[in-house]
Amino acid sequence: MRKKIVAGNWKMNMTPSEAVALAETLKPLVATSEADVVFCVPAVDIVPVVNAVKGTNIEVGAENLYFEDKGAYTGEISADMILDAGAKYVVIGHSERREYFKETDEIVNKKVLKALEKGLTPILCCGESLTQREQGITIEWVRMQIKIALQGVSAEEAEKIVIAYEPIWAIGTGKTATTEQAQEVCGAIRVVLGEIYGCETAEKIRIQYGGSVNEGNAAELFAQPDIDGGLVGGASLKPGFGVIANA
Ligand code: 13P
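1. A look at the pairing of strand β8 (residues 229-232)
At step 1: Side chains Gly229 and Leu231 project from β8 onto one buried face, and the interleaved Gly230 and Val232 project onto a second face that is buried too.
At step 2: The pairing of strand β1 (residues 5-9) with β8 spans four bridges and is parallel. Counted as the bridge partner of Val6 is Gly230 from β8.
At step 3: Here two bridges tie strand β7 (residues 206-210) to β8, and the two strands are oriented parallel to one another. Following the sheet pairing, Gly210 is matched in β8 by Leu231.

2. A short note on the environment of Met144
At step 1: Inspection of the secondary structure assignment puts Met144 in helix α7 (residues 138-149).
At step 2: Residue Met144 is classed as partly exposed on the basis of its relative accessible area, which comes to 32%.

3. Brief notes about helix α1 (residues 16-30)
At step 1: Between its first and last C-alpha atoms α1 spans 20 Å; for 15 residues at 1.5 Å apiece the expected length is 21 Å, and the two agree.
At step 2: Listed as buried for α1 are Ala19, Leu22, Ala23, Leu26, Lys27 and Val30.
At step 3: Packed against the buried residues of α1 are β2 (36-41), α2 (46-53), β3 (58-62) and α12 (241-245).

4. Structural notes on the pattern of salt bridges
At step 1: Applying the stated criterion to the full structure yields 20 salt bridges.
At step 2: When the shortest N-O distance is used, the salt bridge between Lys118 and Asp69 registers 3.5 Å. Taken together, the positions of Lys118 in helix α5 (residues 105-118) and Asp69 in the loop between β3 and α3 (79-85) put the pair 49 residues apart, joining distant regions of the chain.
At step 3: Salt bridges here are not isolated pairs; linked through shared partners, they connect Arg2, Arg190, Glu203, Asp226 and Asp228.

Rules and cut-offs
Residue positions are given per chain, counting from 1 as you read along its sequence in written order. Given that this is a predicted model, residues contribute local features only at a pLDDT of at least 70 and side-chain atom pairs are listed and counted only at 80 or more, while totals for whole chains, interfaces and linings are drawn from all residues. Note that water and hydrogens are dropped before the side-chain values are worked out from all heavy atoms of the structure. Here the term buried applies to any residue with accessible area under 20% of the maximum for its type, exposed to any over 50%, and partly exposed to those in between, with areas from a 1.4 Å probe on protein chains only. The numbering of helices and of strands both runs from the N terminus, where a helix is a DSSP run of H or I of at least 4 residues and a strand a run of E of at least 2. Pairs of strands are assigned from DSSP output, requiring at least two bridges between the strands. Expected span of a helix: the number of residues minus one, times 1.5 Å. Contact between two residues is taken to exist if any of their heavy atoms lie within 4.5 Å; hydrogens are not considered. Each reported salt bridge corresponds to a side-chain nitrogen of Lys or Arg within 4 Å of a carboxyl oxygen of Asp or Glu.

Encoded structure:
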């Protein structure tokens, strides 16, 4: 049985002091969750949020990393920095990074490999645009994203990865994929994982849905056979995240 995982992606929200206040608000609300609960926060918020959630069921994640160990890469943060700050997860290949910061599948692959090498758990994002969905290429597109992102990743390492299926047209739009649409693609992701690693490994890998997850739709989405939790944007910044984490 896969343990569910519900992660908040705070994106570029919350100053360090706001982040601590939000963590304090959410702490009691997610305390009863039977899922793994993760707050993925801006880099400067990692240390204060790690301190704020010490001794609770909450883990902290970064929203990005760079694939080199260290050096002259102004503005980037390394896996070692994230780990030393106390975070255990890292979001990789979010569609916003792909779109606004021109991250390619090859870059995403390098980041996944570095995170795994260092012992960070990647939350690897994939998902199609509205145009791609309308063109009928959603499954092919997502399969390709997964295949490239996992180049050189062994079955043993793949088991540790969390995959987040986030249709771009559903992110921040209030337009959630239907449970059937979300399950269809998450199921297809498990099929491609099975092709790469075999069924036994594919059955162990957790797949989240993301895109306008809220208090009202979380339970139904998370009840789908191939949906093992959610990656939540806007709704992770509000007390309602407690409801989602308990869904
Ligand atoms: P929303 O939940 O705001 O749609 O964002 C989803 C997302 O991008 C999580 O990574």
